[in-house]
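# Structural features, examined
Read off the chains here:
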Amino acid sequence: MIVKVSQTESNLKQTYDVKTENGYYHGETGRVSRLQTITLSNQETTVKGVFSLSKWGNYVPFRWLFGRANLTRVFHLYREERPYGNIVFSKHGFYKSCYVITLDGGEVFHCYARSKGSFDYVSIYQGDRQIGLVETYLNTSNYKYTHKLYLLEEFDPFAETFSLFVLYYASYNFAQRFHMSAGSHYEKSWSISRYNHKYDETWRETHFPNENYWGKINLFR
(Lines give C-alpha, C1' and ligand atoms only; values in the text may rest on other atoms or scores of the structure.)
Protein backbone atom coordinates (compact mmCIF):
# COMPACT_ATOMS: atom_id res chain seq x y z
CA MET A 1 0.00 0.00 0.00
CA ILE A 2 1.05 3.58 -0.68
CA VAL A 3 -0.29 6.39 1.52
CA LYS A 4 0.11 10.03 0.51
CA VAL A 5 0.09 12.54 3.35
CA SER A 6 -0.13 16.12 2.06
CA GLN A 7 -0.06 19.04 4.46
CA THR A 8 -2.85 21.48 3.65
CA GLU A 9 -2.37 24.12 6.35
CA SER A 10 0.64 25.40 8.26
CA ASN A 11 1.27 28.27 10.68
CA LEU A 12 -1.93 28.68 12.76
CA LYS A 13 -3.12 25.15 11.91
CA GLN A 14 -1.41 21.90 11.06
CA THR A 15 -3.81 19.91 8.88
CA TYR A 16 -3.30 17.11 6.36
CA ASP A 17 -5.05 15.23 3.58
CA VAL A 18 -4.28 11.53 3.88
CA LYS A 19 -5.00 9.40 0.82
CA THR A 20 -4.87 5.62 1.09
CA GLU A 21 -5.93 2.92 -1.34
CA ASN A 22 -9.03 2.48 0.82
CA GLY A 23 -10.13 6.11 0.96
CA TYR A 24 -9.39 9.53 2.36
CA TYR A 25 -8.71 10.77 5.89
CA HIS A 26 -8.33 14.14 7.52
CA GLY A 27 -5.35 14.61 9.82
CA GLU A 28 -4.59 17.22 12.45
CA THR A 29 -1.69 17.84 14.80
CA GLY A 30 -1.39 20.42 17.56
CA ARG A 31 -1.91 24.04 16.60
CA VAL A 32 0.12 25.39 19.51
CA SER A 33 2.31 22.51 20.67
CA ARG A 34 3.70 19.15 19.65
CA LEU A 35 2.19 17.79 22.86
CA GLN A 36 -1.39 18.27 21.72
CA THR A 37 -3.57 15.39 20.53
CA ILE A 38 -3.02 14.04 17.01
CA THR A 39 -6.08 12.82 15.08
CA LEU A 40 -6.73 10.88 11.88
CA SER A 41 -10.37 10.54 10.90
CA ASN A 42 -12.97 9.98 8.21
CA GLN A 43 -16.70 9.25 8.26
CA GLU A 44 -16.14 5.71 9.45
CA THR A 45 -13.43 5.87 12.09
CA THR A 46 -11.21 8.05 14.25
CA VAL A 47 -7.78 7.16 15.58
CA LYS A 48 -5.79 9.50 17.75
CA GLY A 49 -2.63 9.84 19.78
CA VAL A 50 -2.72 11.49 23.19
CA PHE A 51 0.46 12.76 24.86
CA SER A 52 1.55 11.31 28.18
CA LEU A 53 4.36 12.68 30.34
CA SER A 54 7.13 10.14 30.87
CA LYS A 55 8.41 9.23 34.30
CA TRP A 56 10.99 11.76 35.49
CA GLY A 57 13.88 9.32 35.10
CA ASN A 58 13.43 9.33 31.32
CA TYR A 59 14.52 12.97 31.21
CA VAL A 60 17.85 12.33 32.97
CA PRO A 61 20.63 13.06 30.42
CA PHE A 62 22.78 10.14 29.29
CA ARG A 63 20.66 7.64 31.20
CA TRP A 64 21.63 5.12 28.54
CA LEU A 65 25.17 5.07 29.95
CA PHE A 66 23.68 3.01 32.78
CA GLY A 67 21.80 0.62 30.50
CA ARG A 68 18.46 2.44 30.67
CA ALA A 69 16.84 3.99 27.59
CA ASN A 70 15.35 7.48 27.67
CA LEU A 71 11.72 6.96 26.60
CA THR A 72 10.05 10.25 25.76
CA ARG A 73 7.50 11.80 23.36
CA VAL A 74 5.01 9.19 24.55
CA PHE A 75 1.63 9.16 22.78
CA HIS A 76 -1.03 6.62 23.71
CA LEU A 77 -3.10 5.39 20.75
CA TYR A 78 -6.88 5.19 20.68
CA ARG A 79 -9.33 3.89 18.11
CA GLU A 80 -12.89 5.08 18.73
CA GLU A 81 -11.82 6.03 22.28
CA ARG A 82 -10.48 2.52 22.99
CA PRO A 83 -6.75 2.30 23.81
CA TYR A 84 -4.73 -0.02 21.59
CA GLY A 85 -1.04 0.89 21.86
CA ASN A 86 1.56 3.65 22.06
CA ILE A 87 4.41 5.41 20.29
CA VAL A 88 7.60 6.44 22.07
CA PHE A 89 10.94 7.94 21.14
CA SER A 90 13.78 5.79 22.48
CA LYS A 91 17.29 7.17 22.93
CA HIS A 92 19.48 4.35 24.09
CA GLY A 93 23.07 5.07 23.09
CA PHE A 94 25.57 7.43 21.49
CA TYR A 95 23.85 8.45 18.23
CA LYS A 96 21.42 5.57 18.77
CA SER A 97 17.73 6.41 18.77
CA CYS A 98 14.51 5.23 17.14
CA TYR A 99 10.74 5.38 17.43
CA VAL A 100 8.95 2.35 18.84
CA ILE A 101 5.32 1.51 18.06
CA THR A 102 3.87 -1.06 20.44
CA LEU A 103 0.34 -2.41 19.92
CA ASP A 104 -1.89 -4.30 22.30
CA GLY A 105 -2.00 -7.22 19.89
CA GLY A 106 1.68 -7.86 20.64
CA GLU A 107 3.11 -6.23 17.51
CA VAL A 108 6.23 -4.10 17.95
CA PHE A 109 7.70 -1.92 15.19
CA HIS A 110 10.94 0.05 15.26
CA CYS A 111 11.27 3.14 13.08
CA TYR A 112 14.70 4.52 12.16
CA ALA A 113 15.09 8.04 10.76
CA ARG A 114 17.70 9.22 8.29
CA SER A 115 18.08 12.49 6.39
CA LYS A 116 19.90 12.46 3.10
CA GLY A 117 19.97 15.42 0.76
CA SER A 118 16.50 16.71 -0.12
CA PHE A 119 14.71 13.82 1.57
CA ASP A 120 14.06 12.51 5.03
CA TYR A 121 13.47 8.77 5.44
CA VAL A 122 12.01 6.58 8.16
CA SER A 123 12.56 2.85 7.73
CA ILE A 124 9.97 0.74 9.56
CA TYR A 125 11.02 -2.67 10.86
CA GLN A 126 9.35 -5.60 12.51
CA GLY A 127 12.23 -7.47 14.06
CA ASP A 128 15.00 -7.67 11.46
CA ARG A 129 12.63 -7.26 8.52
CA GLN A 130 11.87 -3.93 6.88
CA ILE A 131 8.12 -3.71 6.27
CA GLY A 132 7.66 -0.03 5.44
CA LEU A 133 9.25 3.28 4.52
CA VAL A 134 8.28 6.92 4.99
CA GLU A 135 9.72 9.49 2.57
CA THR A 136 9.45 13.23 3.20
CA TYR A 137 10.35 15.77 0.56
CA LEU A 138 12.20 18.61 2.31
CA ASN A 139 11.51 21.27 -0.33
CA THR A 140 8.21 22.96 0.50
CA SER A 141 5.77 25.70 -0.38
CA ASN A 142 4.70 27.73 2.66
CA TYR A 143 6.15 25.02 4.92
CA LYS A 144 3.58 22.47 3.76
CA TYR A 145 5.38 19.14 3.62
CA THR A 146 4.53 16.09 1.57
CA HIS A 147 5.07 12.57 2.94
CA LYS A 148 4.69 9.15 1.35
CA LEU A 149 4.28 5.92 3.26
CA TYR A 150 5.12 2.64 1.54
CA LEU A 151 3.82 -0.46 3.29
CA LEU A 152 4.08 -4.13 2.37
CA GLU A 153 0.69 -5.58 1.46
CA GLU A 154 0.48 -7.97 4.40
CA PHE A 155 0.73 -5.00 6.76
CA ASP A 156 -2.13 -3.06 5.14
CA PRO A 157 -4.31 -3.64 8.26
CA PHE A 158 -1.89 -1.36 10.13
CA ALA A 159 -2.14 1.47 7.57
CA GLU A 160 -4.13 3.74 9.89
CA THR A 161 -1.62 3.32 12.70
CA PHE A 162 1.37 4.03 10.47
CA SER A 163 -0.44 7.01 8.92
CA LEU A 164 -0.96 8.35 12.43
CA PHE A 165 2.74 7.78 13.06
CA VAL A 166 3.54 9.92 10.01
CA LEU A 167 1.52 12.75 11.56
CA TYR A 168 3.29 12.24 14.90
CA TYR A 169 6.69 12.29 13.19
CA ALA A 170 5.78 15.34 11.12
CA SER A 171 4.53 17.20 14.20
CA TYR A 172 7.84 16.72 16.01
CA ASN A 173 10.19 17.19 13.09
CA PHE A 174 8.62 19.41 10.43
CA ALA A 175 5.60 21.38 11.62
CA GLN A 176 6.26 25.13 11.61
CA ARG A 177 3.92 26.82 14.09
CA PHE A 178 3.35 30.59 14.01
CA HIS A 179 5.89 31.19 11.28
CA MET A 180 5.92 34.56 9.53
CA SER A 181 7.30 33.54 6.14
CA ALA A 182 5.73 32.27 2.94
CA GLY A 183 6.92 31.06 -0.43
CA SER A 184 9.15 28.20 -1.48
CA HIS A 185 11.76 26.77 0.85
CA TYR A 186 14.65 24.55 -0.20
CA GLU A 187 16.46 22.39 2.29
CA LYS A 188 19.10 19.69 2.37
CA SER A 189 19.97 17.65 5.43
CA TRP A 190 22.27 14.80 6.40
CA SER A 191 21.79 12.95 9.67
CA ILE A 192 24.41 11.35 11.90
CA SER A 193 23.22 8.08 13.37
CA ARG A 194 24.58 4.64 14.12
CA TYR A 195 21.40 3.34 12.49
CA ASN A 196 21.95 4.93 9.09
CA HIS A 197 22.44 1.44 7.67
CA LYS A 198 18.78 0.70 8.41
CA TYR A 199 17.88 2.78 5.38
CA ASP A 200 18.09 0.51 2.33
CA GLU A 201 18.21 2.57 -0.87
CA THR A 202 16.90 -0.38 -2.91
CA TRP A 203 13.92 -1.28 -0.69
CA ARG A 204 11.32 0.95 -2.35
CA GLU A 205 12.45 0.07 -5.87
CA THR A 206 12.34 -3.63 -5.01
CA HIS A 207 8.86 -3.65 -3.51
CA PHE A 208 7.24 -0.77 -5.43
CA PRO A 209 8.92 -0.91 -8.86
CA ASN A 210 6.18 1.05 -10.62
CA GLU A 211 6.67 4.14 -8.50
CA ASN A 212 8.34 7.04 -10.27
CA TYR A 213 10.02 8.16 -7.04
CA TRP A 214 9.31 11.93 -6.69
CA GLY A 215 9.87 12.77 -10.31
CA LYS A 216 6.27 13.96 -10.49
CA ILE A 217 6.21 15.81 -7.20
CA ASN A 218 3.77 18.41 -8.54
CA LEU A 219 1.07 15.74 -8.57
CA PHE A 220 0.97 16.05 -4.80
CA ARG A 221 0.26 19.77 -4.76
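Residues numbered from 1 in each chain as written. Predicted model: local features only at pLDDT ≥ 70, side-chain atom pairs only at ≥ 80, totals over all residues. Heavy atoms only, no water.

### Brief notes about the state of the cysteines
Put plainly, a disulfide is one covalent bond tying together the sulfur atoms of two cysteines. Taken as a whole and judged by the stated rule, the model has 0 disulfides. The thiol of cysteine 98 is unpaired, and the distance to the nearest cysteine sulfur, on cysteine 111, comes to 7.7 Å. For cysteine 98, a relative accessible area of 4% puts it in the buried group. Residue cysteine 111 is classed as buried on the basis of its relative accessible area, which comes to 0%. (Disulfide = S-S within 2.5 Å. Buried < 20%, exposed > 50% of the residue type's maximum accessible area, 1.4 Å probe, protein only.)

### Section: the layout of surface pockets
A volume near 270 Å³ is recorded for the largest pocket. Ser97, Ala113, Arg114, Tyr169 and Ser191 are, among the 17 residues lining the largest pocket, the residues nearest its centre. At the level of secondary structure, the elements contributing two or more residues to the lining of the largest pocket comprise strand S8 (96-103), strand S9 (108-117) and helix H1 (159-173). Across the lining of the largest pocket, the residue classes break down as 9 nonpolar, 5 polar and 3 charged. (1 Å grid on protein atoms, 1.4 Å probe; cavity = no way out; pocket = protein on both sides within 12 Å on 5 of 7 lines; lining within 4 Å. Points joined across faces, edges and corners; volume = space filled by probe spheres on them. Helix = DSSP H or I, 4+ residues; strand = E, 2+ residues; numbered from the N terminus. Nonpolar A, V, L, I, M, F, W, Y, C, P; charged D, E, K, R; others polar.)

### Here's the deal with a nonpolar patch on the surface
A cluster of nonpolar side chains, namely Leu12, Val32 and Phe178, defines an oily patch on the protein surface of about 320 Å² accessible area. Within the secondary structure, valine 32 is located in the loop between strand S3 (23-29) and strand S4 (38-41). Take valine 32: its relative accessible area is 57%, and that puts it in the exposed class. (Patch = residues over 30% accessible without salt bridge, like charges linked within 9 Å, V, L, I, M, F, W, Y side chains within 5 Å. Areas by Shrake-Rupley, 256 points an atom, 1.4 Å probe, with all protein chains shown as cover. Salt bridge = Lys/Arg side-chain N within 4 Å of Asp/Glu carboxyl O.)

### Here's the deal with the pairing of S9
One ladder, built from 4 bridges, connects S8 with S9; its direction is antiparallel. The partner of threonine 102 across the bridge, within S9, is valine 108. Between S8 and the antiparallel strand that follows it, S9, lie 4 residues; glycine 106 among them carries a positive phi value of about 100°. By the bridge criterion, 7 bridges tie S9 to strand S10 (residues 119-126) in an arrangement that is antiparallel. By the bridge assignment, lysine 116 is partnered in S10 with phenylalanine 119. Taking the residues that link successive antiparallel strands as the turn, the S9-S10 hairpin has 1 residue. (Pairing = 2+ DSSP bridges.)

### Considerations on H1
Residues separated by three or four positions in an α-helix point in the same direction, a consequence of the helix having 3.6 residues per turn. If you check H1, its first and last C-alpha atoms are 21 Å apart, about what 15 residues at 1.5 Å a residue would give, namely 21 Å. With 14 of its 15 residues buried, H1 lies for the most part within the structure. (Expected span 1.5 Å × (residues − 1).)

### What to know about the nonpolar core
By size, the foremost hydrophobic cluster in this structure holds 51 residues, and its most contacted members are Ile101, Phe109, Ile124, Ile131, Phe162, Phe165 and Tyr168. Take this core: its biggest share by element is 10 residues, from H1. Discounting chain neighbours no more than four positions away, the residues touching phenylalanine 109 are Tyr99, Val100, Ile101, Leu103, Ile124, Tyr125, Gln126, Ile131, Phe155, Phe158 and Phe162. Core analysis: the next-biggest nonpolar cluster, separate from the first, contains 7 residues, Val74, Val88, Cys98 and Tyr125 among them. (Core = buried A, V, L, I, M, F, W, Y, C linked by side-chain atoms within 4.5 Å. Contact = heavy atoms within 4.5 Å.)

### Digging into the pairing of S4
Here S4 shows one buried face, formed by Ile38 and Leu40, and one open face, formed by Thr39 and Ser41. Two strands pair when backbone bridges link them, and S3 and S4 are joined in this way by 3 bridges, in the antiparallel orientation. Its bridge partner being in S4, glutamate 28 is matched across the sheet by threonine 39. For S4 and strand S5 (residues 46-52), the ladder comprises 4 bridges, and the chain directions are antiparallel. Its bridge partner being in S5, isoleucine 38 is matched across the sheet by glycine 49.

### Remarks on unusual backbone geometry
Even without being a glycine, glutamate 80 presents a positive backbone phi close to 50°. For glutamate 80, a relative accessible area of 35% corresponds to the partly exposed category. Residues other than glycine seldom take positive phi values, yet tyrosine 95 does so here, at roughly 60°. Here tyrosine 95 is to be found in the loop between strand S7 (82-93) and S8.

### Remarks on the environment of tyrosine 25
Among the secondary structure elements, tyrosine 25 is positioned in strand S3. Here tyrosine 25 falls in the buried class, since its relative accessible area comes to 12%. As a C-alpha pair, tyrosine 25 and glutamate 44 span 19 residues in sequence and 9.7 Å in three-dimensional space. The residues contacting tyrosine 25, other than those within four sequence positions of it, are Tyr16, Asp17, Val18, Thr20, Leu40, Ser41, Asn42, Thr45 and Glu160. Separated by 2.7 Å, the side chains of tyrosine 25 and glutamate 160 make a polar contact. (Polar contact = N/O pair within 3.5 Å; in protein donor to acceptor, adjacent residues only side chain to side chain.)

Keep in mind these numbers describe shape, not what the thing actually does.
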